[in-house]
Every structure is written in C-alpha cells, then in structure tokens.
Amino acid sequence: MSESEGRENEAREPNGDELGTVAELAKRRGFFFPAVEAYGGVAGFYTYGPQGAALKRNVEESWRDRFVTREGHVEVSAPDVMPEPVFEASGHLDGFDDMIIECPSCGEAHRADHLVEGATGIEDAEALPIPEVESLFEEHDLPCPNCGESLAGVPIEEFNLMFETSIGPGSGQPGYLRPETAQGIFVEFPRLKEYARGQLPFAVAQVGTAWRNEISPRRSLVRVREFTQAELEHFIDPETDEPPLERVEDVELTLYPVDEQEAEDGEYVTMTVREAVESGTVVPWVAYYLGVARGWYESVGVDMDRFRYRQHLPGERAHYAADCWDAEAELGGNWVELTGFAYRSDYDLSKHDEYSDEEFTVFRQYDEPRRVERATVDPDMSTLGPEYGGAAADIAEALSALAERDPSAFDGEDVTVEAGGESYTVPTEVANFSVETVTESGEHITPHVVEPSFGIGRIVYTVLVHAHATDTVDEEERTYLDLPARVAPTTVGVFPLMARDGLDDRARDLAADLREAGFDVEYDDSGNIGRRYRRQDEVGTPYCVTVDYETVEEGTVTVRERDSTEQVRVGTDELPAELTALRTGSKSLADL
C-alpha cells in the first residue's frame, strides 16, 4: 500500500498544547531558540536557526513583493541609531511608555497591565489610566508572579521602552536605538519628496530591526526586545488623494470595531472593504490596506478562521494615531497583534517640521492661479530691538505667524504673542499689520500618513503555529507543517532511494541542478525513505523528489507532495519547470 493510500484523517488536527509543541519543534528543528544560552541567555532575544532564518527571509520577500513591488512603492534602509532630537520631536521620549510595577519583596519588575489582564480577564488594561490599574491590584489583591507577595498598594510608574546609547566617544551625543523603523523614513522626507518629484501620493517602505526594552518579555516571539518590522509610510494629500478601493472592494473583512468591543454582547462584524468604507466603520486608506493585507496573510499561511481586525480603543491608541486597527491572530487561546494599520494624519511631519531646520511640506499646485487676501506684518525692529533685546526676533516671528493664523488679533491697539515661553504685548502700529491681495499659484501643505506596520517575527510565529498539524499515514501518526510553498524554508527535498549503485551521485547532481534553477533544496540519504519524508514534512518542505532505478533507466523521478502524500513520476528534464508550476500554484500534482 502506498503512503497516500494509507493516509487517514485528511482534516488538519491542531495539537491541544500547540504553543508548547511548536516551541519544542522550533528548537529541535532549528526555527528559533533563546539567544546566547551558553552564557545563561537574556530574556527577549532569540536566534533564528537555519529553518527559521529561511522562513523569515521568505516572509519578508513575500511582503516586499506584495506591498512594495506590486504597489509601485520604493524601499529605503535607515540607521538603527538616531540622535535624541529625533525622538524628542516624534514624541517617543515622553509618550513611549509602559506601566511598570516593582515587587518590594523580591525586586522583580513586571508589566502591570499584563498582570491585570492575566488575573481579571480584562483584555486591554493597557488602555486604562494608572490610578484605575492600581485600584484593580488592590481590589483583586494581585500577587507578584515571582515570589507570591501581594502587590496591592505598590505604586505603578511609566517606563520608557527605548534603549539609550551614546553616539561618539566619551559621553558623546545622546542617541537611541529606534523603537520603530518609521522615524528613519519621516526624518528623510525632505529628500524623499525630491525623489518623488514633489508629487503626492507616494509611499516608502522599510524592512529592518527595531528595539524595545520590554519590561517583561514573554510568549516566545510575541514580546521580545529585538525584532524585525516591515513598515510602509504612505504620504497623501488628505483633500484630494483617494485609495484605489476598486482593487479590493469585494474582499471580506472580519472586523471588531470599538462599539462592538464596548457592548456587553459585542460581536464581530463581517463586511466587504467597500461596505466598511461606506458605513464609516473604517477610513478609506486604512480600509484599502486591510483588504490588501487580508489576502497576503492567507497567502503566507495565516489561518483565516483564527484572524480578525480589531479597532484600537481610544485609551490604547498611540500618541500619533488618529485611528488604528490591528490585525490579530489567535494563538493558544490568546489574540496577538500582527500588524498595526494607523492613520497618523500629519502628526509626524508637522513635529519634525517644528523641531528641525527643514521643511516637511510639499507644494500643491492650483488648477488656476488665485487672487487671495494675505495678512502680513512688517515689524518695526528699531522699536522692538531696544524694547525687547534678544527676544525681538522671536517676537517678530510670532507676530508673523499670528497674522497668518488669526488676522483679527490685530484689530485692537495692542496685540499679544507668545515667544520663548514668555508673553509679550506689542502696540499694533509697531507690528505694521496689513492685508494685501496677491496672486498665488499654489500652497504648501503637510501630507498625511497612512502606515501599515508589520511585525515579521510575530507573523513567522503565527504561520508556524497555524501550520502545525498531525494526521495518520500508514497507521503511524505524522507531524507536519502545512506551510505554503512560497514561504517554506526548503522547497524540495532530494533523496536517493538507496545510497548505492550511483543513485546517490545522481541525486546529488539533481539537487545541484535544482539549486541552479533557484530552488531551496535539501539533500538527504540518511535512514529509510519513510523517515526522510517525515523529517521534511516536519519542517514544512512541500515536495520531495526521489531518485531510483527508474531514473537511471527511463530518466524519471518520483515527486511526492507533502499534504496529500501522493506521488507522480516526472521526467528529470521537465522537473524544474514542473516544480515551479507547483510552487506558484499554476498546476496541481494531478496536472503533472
């Protein structure tokens, strides 16, 4: 009886303790494992082994193909370390915090909102204010997970998650490891807009490492201190640019909006991208990327029955986001964020425009020149200088900004402005306020930003968990990873039926030819053929090729498919083309 004839339990059966099972598999088969264990290890850092590095690379390349190449966008690579002023402008110095509580008995630090969530069933304690979280510790008398002592009454503080460093020798210039790749794009906007010829919309992507000094790393690759992000910053004119919704308008989304989360009997809402936009549930640009991403997640192996889009509650929304939706996957009974889809409005570019010496705007050309009234001031510096000394220039600048913002402020005899943190009252006649009619061909605007931000490590982990399955083949339980061929670490396993009579040499030559053709290939002649199949199944290799005596006599090999375990004979000359067709989905095994 052939392997496929002896296959039972066609439906995939997830393991009950899937996270523990996948963690053991990941370590044993070289997907990922805790880093620097020879020196005791450091929480929150992982090494991707040979299988994991290949899987991660394939996921990244698939992301580039879908979100950069096929969308017509561009990619950059910015430094991991940037000086302190960048993060002062971005708000990360003041607003990139988590709640920390330190046990007074054992000294162990914990993330307070996570302890509350684990003990009370509250899903998003992160969105709660600190006094309310402290009350929950007292109400439930929550203990320290490390020593068991009560944490009721222990103060909770904000902890900034950025890794600080010095740039240059000695104390140097203060800098930080980037907590997100996005700022490396935003700070270069003045140059990037030149490459785009000043035309909106345009989008810039980056795939790279981000760093967050997590209080309590946990749950394998879910919460770590070093991770890979794939981010896209799409710069748009909010008044004129519309997304190409027609490309994804019929894609169905499983949504969990704020009102459903807050309702006592809230449920998921299923609607198409077009319906989500027309109902006002999701803003158009975010909805477009939800539609694009939904198909991509499925293509890399995320189980759509364990997937949803959840809208951020007002209290958990990042400081830069006007609205945000998370793509979430169910892992081991918990929902885990894979991607944040944020409408960042003009927050980032406005902040960098304010703090830096560059302009973070683009020029919007009018269809026809316009005659407009323009309020201006021409301060009398011969009066301001002697009266206000070094503050005179700042006062003049403040008067100019006020005239543009609120001309009616100059209606009285005096006008008051803020400059350098001080308030100054200036006679209106000294400001020399006037309204002129001028012809303008356009105006400078600050673009808005739409940002899909993908956590590659979490997606890799999700794909492994969702792909893990068992069935029975030839009355023996088989464990396999149902990985799509496009992301599997190895595309083809090549075996000689036996390591003799020249079959092994023939198999090695075939493996070399397939590598030349662009396939990830593993050669294996160790153990019986069934064991070799099982090894490849367990790491998700979609196809295995066996060289046997018919190969020598007739020039054909056996191609075996992982999921069905079915086998067909294929000519060695046609093998690369047929494997390519299988990998891309243009053919099935039955078509060969």
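Procedures and definitions
- Residues numbered from 1 in each chain as written.
- Predicted model: local features only at pLDDT ≥ 70, side-chain atom pairs only at ≥ 80, totals over all residues.
- Heavy atoms only, no water.
- Core = buried A, V, L, I, M, F, W, Y, C linked by side-chain atoms within 4.5 Å.
- Buried < 20%, exposed > 50% of the residue type's maximum accessible area, 1.4 Å probe, protein only.
- Helix = DSSP H or I, 4+ residues; strand = E, 2+ residues; numbered from the N terminus.
- Contact = heavy atoms within 4.5 Å.
- Phe/Tyr/Trp six-rings, centres within 6.5 Å; stacked < 30°, edge-to-face > 60°.
- Lys NZ or Arg CZ within 6 Å of the ring centre and 35° of its normal.
- Salt bridge = Lys/Arg side-chain N within 4 Å of Asp/Glu carboxyl O.
- Pairing = 2+ DSSP bridges.

J.: Give me the nonpolar core: which residues, what numbers.
T.: For soluble globular proteins, nonpolar side chains are generally found buried alongside one another. Core analysis: the biggest nonpolar cluster contains 65 residues, and W63, Y297, Y309, F341 and F454 have the highest contact counts within it. Of all the elements, helix α11 (residues 284–300) adds the most residues to this core, at eleven residues. The contacts of W63, once residues within four sequence positions are left out, are V68, A205, V207, A230, E231, L232, W296 and F454. With 22 residues, the next largest nonpolar core counts V492, V494, A511 and Y523 among its residues.

J.: An account of unusual backbone geometry is requested, with residue identities and associated values reported.
T.: Here the bond from L200 into P201 is cis, since omega is -5°, no more than 30 degrees from zero. If you trace the backbone, P201 turns up in the loop between α8 (189–195) and β11 (202–211). Its identity is not glycine, yet V36 carries a phi of approximately 45°, on the positive side. By the secondary structure assignment, V36 is in the loop between β2 (32–34) and β3 (46–48).

J.: Please provide a residue-by-residue account of the packing of aromatic side chains, values included.
T.: How two aromatic rings sit relative to each other is given by the distance of their centres and the angle of their planes. Inspection of the entire model under this criterion finds 25 aromatic pairs. Pairing F32 with Y461 gives two aromatic rings, centres 6.0 Å apart and planes at 80°, and the pair type is edge-to-face. Here F32 is found in strand β2, whereas its partner Y461 is found in helix α16 (residues 456–467), with 429 residues between them in sequence. The pair formed by F32 and Y461 is uniform in burial state, with each residue classed as buried. One aromatic cluster is present, formed by W63, F67, W296, Y297, F307, Y309, F341 and F454 through successive ring pairs. Between K56 and the ring centre of Y48, over which it is positioned, the NZ or CZ distance is 5.6 Å. Directly above the ring of W335 sits R308, whose terminal nitrogen or CZ lies 4.2 Å from the centroid.

J.: Can you explain the pattern of salt bridges? Please cite residues and give values.
T.: Under the counting rule described, the total for this entry stands at 46 salt bridges. The partner of E451 in a salt bridge is R344, with the nearest N and O atoms 2.6 Å apart. Separated by 107 residues along the polypeptide, E451 in strand β22 (residues 448–455) and R344 in strand β17 (residues 334–345) bring together distant segments of the chain. The buried category is assigned to E451, whose relative accessible area is 3%. Close ionic contact of D505 with R508 constitutes a salt bridge, the shortest N to O distance being 3.9 Å. One end of the pair is D505 and the other is R508, both in helix α17 (residues 503–516) and three residues apart, which spans about a single turn. Judged by its relative accessible area of 39%, R508 falls in the partly exposed class. Beyond isolated ion pairs, a larger network of salt bridges with shared partners links D98, R111, D113, E126, E214 and R223.

J.: Please give an account of the pairing of strand β19 (residues 414–419) that cites residues and values.
T.: Residues of β19 alternate between two faces, with V415, V417 and A419 buried on one and D414, T416 and E418 left unburied on the opposite face. The turn linking β19 back onto strand β20 (residues 422–427) is made up of two residues, and G420 within it adopts a positive phi angle of 60°.

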